[in-house]
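Architecture at a glance
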Amino acid sequence: MISIIIPTYEEKGNIPKLCTRISDSLSEKGIKYEIIFIDDNSQDGTIEEIKEAQKSYPIRQIGRAHV
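Going along each chain's sequence as written, the residues are numbered from 1 onward. Residue-level local features of this predicted model are given only where pLDDT is at least 70; pairs of side-chain atoms are given and counted only at 80 or more, and the full residue set underlies all totals for whole chains, interfaces and linings. Side-chain figures throughout are based on the complete set of non-hydrogen atoms in the structure, without hydrogens or water.

Regarding the overall build of the chain
Along the backbone of the chain there are 2 helices and 3 strands. Each helix is a run of DSSP H or I of at least 4 residues and each strand a run of E of at least 2, with the numbering of both proceeding from the N terminus. Going from N to C terminus, the chain has its helices and strands arranged as β-α-β-α-β. In terms of C-alpha radius of gyration, the chain reaches 12 Å, essentially the compact-globule figure of 11 Å for 67 residues. Any residue under 20% of the maximum accessible area for its type is buried, any over 50% is exposed, and the rest in between are partly exposed; the area is computed with a 1.4 Å probe on protein chains only. The burial tally for the chain puts 30% of its 67 residues in the buried class. All accessibility values rest on the Shrake-Rupley procedure with a 1.4 Å probe; residue burial counts only the protein chains present in the view. Total accessible area on the chain stands at roughly 4500 Å², and carbon and sulfur atoms take up 52% of it. The distance from the centre of the 9 positive side-chain charges to the centre of the 11 negative ones in the chain is 5 Å. The size measure is the radius of gyration over C-alpha atoms, and the globule rule it meets is 2.2 Å times the number of residues to the 0.38 power. His is not counted, nor are the chain ends; Lys and Arg add positive charge and Asp and Glu add negative charge. Every charge is mapped to an atom, namely NZ of Lys, CZ of Arg, CG of Asp or CD of Glu.

A few points about the sheet that holds strand 2 (residues 33-39)
In space, the 3 strands of this open sheet follow the order 1-2-3, with parallel pairing throughout. Lying at the two open borders of the sheet, with one neighbouring strand each, are strand 1 (2-8) and strand 3 (59-63). Pairwise comparison of adjacent strand axes, ignoring direction, gives a mean angle of 20° for this sheet. For two strands to count as paired, DSSP must find a minimum of two bridges between them. One ladder, built from 5 bridges, connects strand 2 with strand 3; its direction is parallel. Paired with Asp39 across the two strands is Gly63, which belongs to strand 3. Across the face of the sheet, helix 1 (residues 15-27) comes into contact with strand 1, strand 2 and strand 3 while running at roughly 155° to strand 2. When checking whether two residues touch, look at their non-hydrogen atoms; a contact exists if any pair is within 4.5 Å. What counts as an axis is a line fitted to C-alpha atoms, over the stretch in contact for a helix, and the angles between N-to-C directions run from 0 to 180 degrees. In the packing of helix 2 (residues 46-53) onto the sheet, the strands contacted are strand 1, strand 2 and strand 3, and the crossing angle to strand 3 comes to about 160°.

Structure below.
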């Protein structure tokens, strides 16, 4: 299995496309994978988009809050 680590900040519009492209590329080759999103406290709905994508893809999400 491979882990793909993706840092994000304000990437709401890119999450679905990215997940689909990763899944299509690796699944057709039979490669098991996970996507790990590390978000830098996005306020544009990126976290919600990642949570929605978790329903269809093997995703873990790590959030970082600014203090």
